[in-house]
Amino acid sequence: MTSVFTDAAPRSTPRLNLASGSEAAFSLGSSWSLPSLSLPTWVHRPISAARATLVKSLVMTVAIAAILAGVVTVTQTSTAGASAISAADFAPAASSVPTMTAAAFTTAYAGDLAAAATTLTTMSSSQVAQLWTELAPGYRALLITGYPAVIGNLEGVAYTDRATANVSRLAGLLADTEASYRSLTVSSDQVDGQADSAALATTLSRLDAIKLLADRYAPDAIAARLQPEYLITLQAGGSGPPRVAVAVGDVDTAAYVTVLVPGMNSSALELDDYLRGAKRIQTAAADSAVILWIGGHSPSALEVPSNDRAIEGAPLLAGVLAGYDAVRSAHGVVSRLSVVAHSYGTATASLALASGDYHVDDFVMLGSAGIPTEIGIDDLHVPAGRVYASQASADTLAGLGQLLSGRADPATSSWGATTFGSDGLTLGDGDHLGAVDGHNAVGSSNADDRGKYLGPATESLYAIQRIVTGQAYAVADLTTPGSSHQRTSVPDAAGAGAGASTTSASTTASASTASASAAALLATR
């Protein structure tokens, strides 16, 4: 791929610039004309997660209906004559310093931890990963304690160390945000202005998100958790909810690692919900881990027709993929890396994958809101036959996103992905896989997750669990591109399933043979 979005307005590509030892902040200008919304000044307390989910769903529905009815006009700025954005713009920034040994590094920055931390931010993730493994444990501990905002978000650092750094920051962030909120509530009582209302709403969402994180990663909560979790990204710059990534399972040692990329209206406020889906994927194998990435600015319903948020988030996601690739290489870990994306997340993920080869083994798209038309399946740097797509019959919002944006539907035969069903299926041994009944990846509670793409015992979840653990050959309804009725077996990395018959009966038999572990795969409660 040589270029993407040749009609895009000129923009500055966002980069993670931590040269000063602070967190990255985004200042990418929006190219959308959106109505101004403000929160009444009387709203001074958090609302429940369930009510927040309901409100967002209603707003989303009304927004999409308004667009279709022409009540709300969403327009992009003029793009005439704009220069092309190359795929390299979405790749992680290259290193600006030579590779150093641990001995040379500690000697060069003896007695100056601040300079050491700053230098680390200018290195590539491969350089950081190799250096971090060589540094003395005591020296690493000093960096984690002294500069947690840098180390906690630095690709190439061991994930357990990043989590230690990030969790240590939560109490201070919570105290600072509570103070800001109290200050704003006082000023909003005195001045009934739109600016105060908007600032209050933003700070309220930030406070809710940080409270959620502080509660979730309190020592007693961590100790009581059956599945280990690691807060591996905590980008708290700016005024809204922090941008986060959470790993379920030990990413440093896992044999199977999946990066989960949610769609629109996803933020740290929905962390509990998306983590339920991540945990269901992780149960596919004991030696697996899932990274839930909410590290970009997710679009609202009105922003879905634009590629702007995908363009903004792609280099950040590419950095995550490059960072993991660097860590497993430095540690000598042999693993399978998969990316699972939902809705608008498929646009962000496709851009990230097109920016470079991060040795991703599988790419799964669920209810895609469309792939930028400049990107084809061969641009993704994913092995042939390992790009998958599924869209449930009841999922009308995915098609609407494709229609409004003009982006491509990856589930069509012409695009080339291998498709699998989400409408329910009974395996050869009688186990029934449920249907997806709408667009959402998860619901607002464990009970509400049923019928979602990552809900318990759905056909889509079963397929994902098989694919990311190299067992795609055992999925009963994988369909070859261009054939809506044939069933086929897809080989895994070792070639299992090669030469399998393309008849429905033989593939169902394959699934039946593998269904001895189906109970574990479907045990998602």
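Let me begin by describing the structure that accompanies this report. (Residues numbered from 1 in each chain as written. Predicted model: local features only at pLDDT ≥ 70, side-chain atom pairs only at ≥ 80, totals over all residues. Heavy atoms only, no water.)

## A word on the overall build of the protein chain
At step 1: Counting its regular elements, the protein chain contains 17 helices and 12 strands.
At step 2: The 525 residues of the protein chain split such that 54% are buried.
At step 3: If you take every contact in the protein chain between residues at least 6 apart in sequence, the share linking residues at least 24 apart comes to 72%.
At step 4: Accessible surface for the protein chain amounts to roughly 20,700 Å². Of this, 56% is attributable to carbon and sulfur atoms. (Helix = DSSP H or I, 4+ residues; strand = E, 2+ residues; numbered from the N terminus. Buried < 20%, exposed > 50% of the residue type's maximum accessible area, 1.4 Å probe, protein only. Contact = heavy atoms within 4.5 Å. Areas by Shrake-Rupley, 256 points an atom, 1.4 Å probe, with all protein chains shown as cover.)

## Some words on the environment of Ala-284
At step 1: Tracing the sequence through the fold places Ala-284 in the loop between α11 (271-282) and β6 (288-294).
At step 2: For Ala-284, a relative accessible area of 15% corresponds to the buried category.
At step 3: Spatially, the C-alpha atoms of Ala-284 and Ile-464 are 8.9 Å apart, while their sequence positions differ by 180 residues.

## Here's the deal with helix α3 (residues 113-121)
At step 1: Listing the buried residues of α3 in full gives Ala-116, Ala-117, Thr-119, Leu-120 and Thr-121.
At step 2: The inward-facing, buried residues of α3 contact α2 (102-108), α4 (125-134), α5 (137-146) and α6 (148-151).

## Considering the nonpolar core
At step 1: Membership of the largest hydrophobic core comes to 54 residues, with the highest contact counts inside it found for Val-259, Val-339 and Phe-363.
At step 2: Among the elements that make up this core, the one with the highest residue count is helix α12 (residues 308-331) (12 residues).
At step 3: Ignoring anything within four residues of it in the chain, the contact list for Val-339 reads Val-259, Val-261, Leu-321, Ala-349, Leu-353, Val-360, Asp-362, Phe-363 and Val-364.
At step 4: Within the second largest apolar cluster, 49 residues are counted, among which are Leu-170, Val-364, Ala-392 and Ile-467. (Core = buried A, V, L, I, M, F, W, Y, C linked by side-chain atoms within 4.5 Å.)

## Let's talk about the pairing of strand β5 (residues 256-261)
At step 1: With 5 of 6 residues buried, β5 is to be regarded as a mostly interior element.
At step 2: Relative to β6, β5 is paired through 5 bridges, and the arrangement is parallel. Residue pairing for β6: Val-259 is matched across the bridge by Ile-291.
At step 3: Tracing the backbone out of β5, into α11 and back to the parallel element β6 gives a crossover that is right-handed.
At step 4: Bridge analysis of β5 against strand β7 (residues 336-342) gives 6 bridges, and the strand direction is parallel. The partner of Leu-260 across the bridge, within β7, is Val-340. (Pairing = 2+ DSSP bridges. Right-handed = clockwise from strand over helix to strand, strands pointing away.)

## Quick notes on the packing of α12 against helix α13 (residues 345-354)
At step 1: Contact pair α12 / α13: the axes reach a minimum separation of 7 Å and the direction vectors enclose 55°. In this view, α12 runs oblique relative to α13, as classed from their interaxial angle. Where α12 crosses over α13, the handedness of that crossing is right-handed. Together, Arg-309, Ala-310, Ile-311, Gly-313, Ala-314, Leu-317, Ala-318 and Leu-321 of α12 and Ala-347, Thr-348, Ala-349, Leu-351, Ala-352 and Leu-353 of α13 make up the contact between the two elements.
At step 2: Residue classes in the contact of α12 with α13 are distributed as 11 nonpolar, 2 polar and 1 charged. (Axes fitted to C-alpha atoms, helices over the stretch in contact; angles between N-to-C directions. Parallel < 35°, antiparallel > 145°, perpendicular 65-115°, else oblique. Left-handed = near helix turned anticlockwise from the far one by under 90°. Nonpolar A, V, L, I, M, F, W, Y, C, P; charged D, E, K, R; others polar.)

## Quick notes on the pattern of salt bridges
At step 1: Across all of its chains, the model carries 14 salt bridges by this definition.
At step 2: Close ionic contact of Glu-229 with Arg-216 constitutes a salt bridge, the shortest N to O distance being 2.7 Å. With Glu-229 in strand β3 (residues 229-235) and Arg-216 in helix α9 (residues 194-216), the pair connects residues that are 13 residues apart, well separated along the chain. Across the pair, Arg-216 and Glu-229 agree in class, each one buried. (Salt bridge = Lys/Arg side-chain N within 4 Å of Asp/Glu carboxyl O.)

## Looking at the sheet that holds β5
At step 1: With mixed pairing, 8 strands are arranged side by side in an open sheet as β3-β4-β6-β5-β7-β8-β9-β10. Both edges of this open sheet fall to β3 and β10 (418-419), since each of them pairs with a single strand only.
At step 2: Bridging between β7 and strand β8 (residues 362-366) involves 5 bridges; their strand directions are parallel. Within the sheet, the bridge partner assigned to Val-340 lies in β8 and is Val-364.
At step 3: The strands that α13 touches are β5, β6, β7 and β8; relative to β7, the one it contacts most, it runs at about 145°.

## Let's talk about the packing of aromatic side chains
At step 1: By the definition in use, this model includes 2 aromatic pairs.
At step 2: Relative to Tyr-109, the ring of Phe-105 has its centre 5.1 Å away and its plane inclined at 55°; by these criteria the two rings are tilted.
At step 3: Note on Tyr-109: relative accessible area 19%, which makes it buried.
At step 4: An angle of 85° between the planes, with centres 6.4 Å apart, marks the rings of Phe-105 and Tyr-139 as edge-to-face. Taken as a pair, Phe-105 in helix α2 and Tyr-139 in helix α5 lie far apart in primary sequence, 34 residues in all. The burial state of Phe-105 is the same as that of Tyr-139; both residues are buried. (Phe/Tyr/Trp six-rings, centres within 6.5 Å; stacked < 30°, edge-to-face > 60°.)

## A short note on unusual backbone geometry
At step 1: Even without a glycine there, the phi angle at Asn-265 is positive, about 55°.
At step 2: Relative to the helices and strands, Asn-265 is located in the loop between β5 and α11.
At step 3: With phi around 55°, Ser-343 is a residue other than glycine that occupies positive phi space.
At step 4: Mapping Ser-343 onto the fold places it in the loop between β7 and α13.

## Describing the pairing of strand β11 (residues 423-426)
At step 1: Note that β11 and strand β12 (residues 432-435) share 3 bridges and pair antiparallel. Bridge assignment links Asp-423 to a residue of β12, and that residue is Ala-435.

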